[in-house]
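# Fold and geometry: a report
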Amino acid sequence: MTIIPFEKKYRDDLIFMILEAKNALGVIPRLNEDLLDIDKNYLEKGDMFWLMIEEGRVIGSIGYNTLDKTDEVRLHRFYIKYNRKRQGIGSKLLETAESYLRMAGKTSVLVHLGGDAYVESRCFYPKHGYVEFEPGYMRKYL
């Protein structure tokens, strides 16, 4: 397993992995428009998007966008392939993002927990130091 910055050649596999992960959660899979152009929606803005690759396939993803005129960021598209959960992949992706964000001078990370189907995120983030600051949202100060 290797964590890499986003590469265009993985775009379709990334989209498939995320739709598959949503389906496994019982969420009606729909395409998030930002995934169609990661360069425009993340990289060209100075933000980042990472992929976890294994044997040439995407098994995890995480990206962030900086909130305008702040040192805060919001994580996006943090997904693990449905049949690869609970193997430390999410923790490795989150650690990669947080380490990068500290070096970039960011001060806090915000996450939206998603709807009721995203039960795992409500357990995962507190284990990594995130605290709910309003219903459905958590924050961690770096």
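Coordinates for the structure precede this section.
Residues numbered from 1 in each chain as written. Predicted model: local features only at pLDDT ≥ 70, side-chain atom pairs only at ≥ 80, totals over all residues. Heavy atoms only, no water.

### A word on the overall build of the protein chain
- Tallying secondary structure elements over the protein chain gives 4 helices and 7 strands in all.
- Dimensions of the protein chain, computed from the C-alpha atoms along their principal axes, are close to 35 × 30 × 25 Å.
- Per-residue burial over the protein chain gives 46% buried out of 142 residues.
- A fraction of 60% describes how many contacts in the protein chain between residues 6 or more apart in sequence connect residues 24 or more apart.
- Element-wise, carbon and sulfur atoms account for 51% of the exposed surface of the protein chain, whose accessible area totals about 7800 Å².
- Taken together, the 22 basic and 21 acidic charged side chains of the protein chain have centroids lying 2 Å from each other. (Helix = DSSP H or I, 4+ residues; strand = E, 2+ residues; numbered from the N terminus. Buried < 20%, exposed > 50% of the residue type's maximum accessible area, 1.4 Å probe, protein only. Contact = heavy atoms within 4.5 Å. Areas by Shrake-Rupley, 256 points an atom, 1.4 Å probe, with all protein chains shown as cover. Lys, Arg positive; Asp, Glu negative; His and termini not counted. Charge placed at Lys NZ, Arg CZ, Asp CG, Glu CD.)

### Comments concerning the packing of aromatic side chains
- Summed over all chains, the structure comprises 10 aromatic pairs.
- An angle of 70° between the planes, with centres 5.6 Å apart, marks the rings of Phe 78 and Phe 124 as edge-to-face. Here Phe 124 lies in helix α4 (residues 119–127) and Phe 78 lies in strand β4 (residues 72–80), a separation of 46 residues in the sequence. Phe 124 matches Phe 78 in its accessibility class, with the two residues each being buried.
- Through pairs of rings, three or more aromatic residues link up here, namely Phe 78, Phe 124, Tyr 125 and Tyr 130. (Phe/Tyr/Trp six-rings, centres within 6.5 Å; stacked < 30°, edge-to-face > 60°.)

### Here we look at the pattern of salt bridges
- Applying the stated rule across the entire model yields 12 salt bridges.
- Here Arg 139 and Glu 72 are joined by a salt bridge, their closest N and O atoms 3.3 Å apart. With Arg 139 in strand β7 (residues 137–141) and Glu 72 in strand β4, the pair connects residues that are 67 residues apart, well separated along the chain. Exposure class is identical for Arg 139 and Glu 72. Each is buried. (Salt bridge = Lys/Arg side-chain N within 4 Å of Asp/Glu carboxyl O.)

### A closer look at the nonpolar core
- Core analysis: the largest hydrophobic core is formed by 22 residues, its most contacted members being Ile 62, Leu 75, Phe 78, Leu 93, Tyr 125 and Tyr 130.
- Grouped together as the second largest cluster of nonpolar side chains are 17 residues, Ile 4, Tyr 10, Leu 35 and Ile 53 included. (Core = buried A, V, L, I, M, F, W, Y, C linked by side-chain atoms within 4.5 Å.)

### Considering the sheet that holds β7
- Taking strand neighbours across the sheet as the criterion, the 7 strands line up as β1-β2-β3-β4-β5-β7-β6 in an open arrangement whose pairing is mixed. In the strand order of this sheet, the two ends are held by β1 (2–5) and β6 (131–134), each with one partner. Across the sheet, the mean angle from the axis of one strand to that of its neighbour is 30°, orientation sign disregarded.
- Both β6 and β7 contribute to a ladder of 3 bridges, which runs antiparallel. Bridge pairing in β7 places Glu 132 opposite Met 138. (Pairing = 2+ DSSP bridges. Axes fitted to C-alpha atoms, helices over the stretch in contact; angles between N-to-C directions.)

### Some details on α4
- Looking at α4, one finds that the buried residues are Ser 121, Phe 124 and Tyr 125. Seen along its axis, α4 keeps its buried residues to an arc of 90°; they face one direction. In this structure, α4 carries Val 119 and Lys 127 as exposed residues pointing more than 90 degrees from its buried face.
- On its buried face, α4 sits against β4, α3 (89–103), β5 (108–112) and β7.
- The first or second residue beyond α4 is Gly 129, which carries a positive phi of 90°. (Arc of directions from axis to C-beta.)

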